[in-house]
Every structure is written in C-alpha cells, then in structure tokens.
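Fold and contact review
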Amino acid sequence: RKDYAGVGRSDPYFLIFAEDTNELLYQSEYITSTLRPEWRTGRFDFHVYDPDNTFEQGAYRLNVVVMDEDFGKGKNDLIGSLNVTLSEIVVDAEFALQRQSKKGGVAGKLLVRSFSISDIPSIGHYLVMGCDLWLNIAFDFTRSNMDPSETRSLHYLDSDNVYMKVIDDVIPLLLQYDPDGEVDCFGFSGKLSPQAPTQYAFNLKGNGETCVGSEGVKDAYAETVKSITLSGPTKVVPVMQKVVSMFQGSRLNKSNQRYLVLVIVADGVPVELDQFKEVRAFHKLRNPLEVSLNWLFSANYAGNCRDV
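Heads up: these notes are all about the structure in this document. (Residues numbered from 1 in each chain as written. Predicted model: local features only at pLDDT ≥ 70, side-chain atom pairs only at ≥ 80, totals over all residues. Heavy atoms only, no water.)

1. Let's talk about the environment of Gln241
Selection rule: Numbering of helices and strands runs from the N terminus, with a helix taken as a DSSP run of H or I at least four residues long and a strand as a DSSP run of E at least two residues long. In this scheme, a residue with accessible area under 20% of its type's maximum is buried, one over 50% is exposed, and one in between is partly exposed, where area comes from a 1.4 Å probe on protein chains only. Two residues qualify as a contact provided that any one of their heavy atoms is within 4.5 Å of a heavy atom in the partner residue.
Turning to its location among the elements, Gln241 is positioned in helix 4 (residues 237–249). By relative accessible area, which is 35% here, Gln241 ends up partly exposed. Taking the C-alpha atoms as reference, Gln241 lies 9.2 Å from Arg280; in sequence the two are 39 residues apart. Those residues in contact with Gln241 that sit more than four places away from it in its chain are Val279 and His283.

Listed below in structure tokens is the structure:
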C-alpha cells in the first residue's frame, strides 16, 4: 500500500509476535521506497514446553505486523496485520493484510517465499539428559563504557559496578550445572596496550587459563579493566566464533557431553547485530549451545538487560 498520507511509496518492515505471550520473535530489515518489498530470509526461535510430544502446529498462533519506517520523523505507521497458525504457513501461501482503521479492508498481500521448522532441543532438554554446561562469559570494552577511573563509568572498580552485578547474578546460577566450576572469560572491542590494534576476542587471562567460580571471574575482569585501553566498535561475532570453535575442537563423546553457554555483556548494540543473529541461529542448528547477548543501557542493571 502507499504511505500513511496515501501518496508515494512505503519503507516497510515486518514483525512477528507469539500470540499467547506477545513476545517479539523476529523483526525484518526495512526496504526503502517500495510497494513490493522482498525481505531476505530470516530465522527466529520459539519455545514450546512439550514433554509428551503432543505439540500441534495448528494450535500455535502468530501475529504478523507490517509497518512503515518513518526514520525518526514521527511515529512509524501501521500498514496492516494478520493472525496465522504455524500450520497455515507454507511455501507460496498468500495472506491478506488487514487494515486496523475504522474503515478496515485489505492493505496488501503477504506472500511466503520459503518456510521451514527445525526442532531444536532446549538447554532444559540437555540438562535433564545429564549434560554439563561449558560456561563462557565475554565483556565489552568499548569507549562508550567511559574511562574506568571516572565514577560514572560502567567499568568503575571502586564499587560493584554493573558488570560485577551481572557476574554475581548470572555465574553462580549457571555454575550449578557446571561441576568443575570453571569459566572461560573473554573480552572484546578493547586494546591490550595503547598502541596495539583493537581485539575482538581475547582471553582475560593471557595464558588461556579458565577462572574458577564467580570470584575468579571478578578477579580476572578487574585485572583486565586496570590495564585495558577501551576502543571499539562493539563487535560480538568474533568472540562467539572463537568460543564455538573451541567447543567444536574439544573431545566430546557419549561419556563426556557438554552444553555450551556464552553470556555476552555489552554496553551498546553490536554493529553487526543482524549477522550475530544469523550466525547464532546457524550454530544452534548444529551444536548444543546457547548464546545470550545482554545490553546494559544504564548503570541501573536491574531490568535493563535484554537478550536478543
């Protein structure tokens, strides 16, 4: 359809929500100045608790909303929406987008070019089967965190800063399922010395040793903050690739099964966010892993972490 004013073209993008929880499952890129957008194929996860293996796709409903991007000039406009079950989404299926105005009517059509569903066991399945965790955590050392010597810095060490709070909140919980108590700790977007190039996947302990328990993680993090030169931009894909490569190179077998968990704590949005989502989805189809990206929007950690 045309833009909100009824003239010209739209800059459309779409969002997919789970009907039962209203959780945002996927947001596409926007296509500029078009009435016939073709979005690239995307991937999204949805979680179903189905211990009896009785899940029916016809009972799982999605809300699909198509919007017109306004590029900060005002509120993004609603083009149309539809409600659909998983069983209805097949290749070449066509759906009418309904206007949400008083006049109602059809705002356009949505055509499915490709669609598939993969059954990926959750971390809960692996833990129930007796898998141990392989726990990793990575910290953001971009300049946006501000100089660690300043009290407003997210890396300020004279008190328990926001990164320390993440360690205290997350690591003890996950270590309940990691019997050796060891954590591989990494940093990204920082320089190991002022004249060195920016590193996007480095071990907090230069010799590659692991940290023991949450206190070991905090010690390694604090020592790194004292010597690191903040840099940028925020890139998380290299550290994810490094950890997955380590995991794939380990000697896992039926008697030594592990589930990889990587917690990434970042001050800002990664510059390669779309690539991160695609790479994470690619590896999840092939490896038992969970990669959690947490954005710290302010020093008030509680309620300001967001997993992508």
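2. With respect to the nonpolar core
Nonpolar side chains tend toward joint burial in soluble globular proteins. What counts, and what does not: What is meant by a nonpolar core is a set of buried Ala, Val, Leu, Ile, Met, Phe, Trp, Tyr and Cys residues, joined one to another through side-chain atoms within 4.5 Å.
Counting residues in each nonpolar core, the largest one holds 33 residues, and the members touching the most others are Ile137, Phe139, Phe141, Val183, Leu204, Val217 and Tyr221. Mapped by element, the contributors of at least two residues to this core are strand 7 (132–140), helix 2 (162–175), strand 8 (182–188), helix 3 (213–227) and strand 13 (258–266). The element best represented in this core is helix 2, accounting for nine residues. Apart from the residues lying within four places of it in its own chain, the contact partners of Tyr221 are Phe139, Phe141, Leu154, His155, Leu157, Asn161, Tyr163, Met164, Ile167 and Leu204.

3. Observations regarding the side chain of Ser189
Within the secondary structure layout, Ser189 lies in the loop between strand 8 and strand 9 (190–191). For Ser189, a relative accessible area of 0% gives the class buried. Ignoring any residue separated from it by four or fewer positions in sequence, one finds Ser189 in contact with Asp140, Phe141, Thr142, Thr198, Gln199, Tyr200, Leu230, Ser231, Gly232, Pro233, Thr234 and Lys235.

4. Focus: the packing of aromatic side chains
Stated formally: Two aromatic rings from Phe, Tyr or Trp, using only the six-membered ring of Trp, form a pair when their centres are within 6.5 Å; if the ring planes differ by under 30 degrees the pair is stacked, by over 60 it is edge-to-face, and anything between is tilted. Counting as a charge over the ring demands two things of the Lys NZ or Arg CZ atom: a distance within 6 Å of the ring centre and an angle within 35 degrees of the ring normal.
Using the criterion set out here, one finds eight aromatic pairs in the structure. An angle of 40° between the planes, with centres 5.7 Å apart, marks the rings of Phe14 and Tyr26 as tilted. Taken as a pair, Phe14 in strand 1 (residues 12–18) and Tyr26 in strand 2 (residues 24–27) lie far apart in primary sequence, twelve residues in all. Taking 5.1 Å as the distance between ring centres and 45° as the angle between the ring planes, the aromatic pair formed by Phe139 and Tyr221 counts as tilted. Of this pair, Phe139 sits in strand 7 while Tyr221 sits in helix 3, and the two are 82 residues apart along the sequence. Across this residue pair, the class does not change: Phe139 and Tyr221 are buried. Above the ring of Tyr200, the side-chain terminus of Lys235 is found at 5.2 Å from the ring centroid.

5. So, the pattern of salt bridges
We apply this condition: Salt bridges, as used here, are contacts in which a Lys or Arg side-chain nitrogen is within 4 Å of a carboxyl oxygen on Asp or Glu.
Going through the model one piece at a time under the given rule, you end up with five salt bridges. Ionic pairing is found between Glu19 and Arg61, a salt bridge with its closest N-O pair at 4.0 Å. Here Glu19 is found in the loop between strand 1 and strand 2, whereas its partner Arg61 is found in strand 3 (residues 61–68), with 42 residues between them in sequence. The residue Glu150 makes a salt bridge to Arg152 at a minimum N-O spacing of 3.0 Å. Judged by relative accessible area, which is 57%, Arg152 ranks as exposed.

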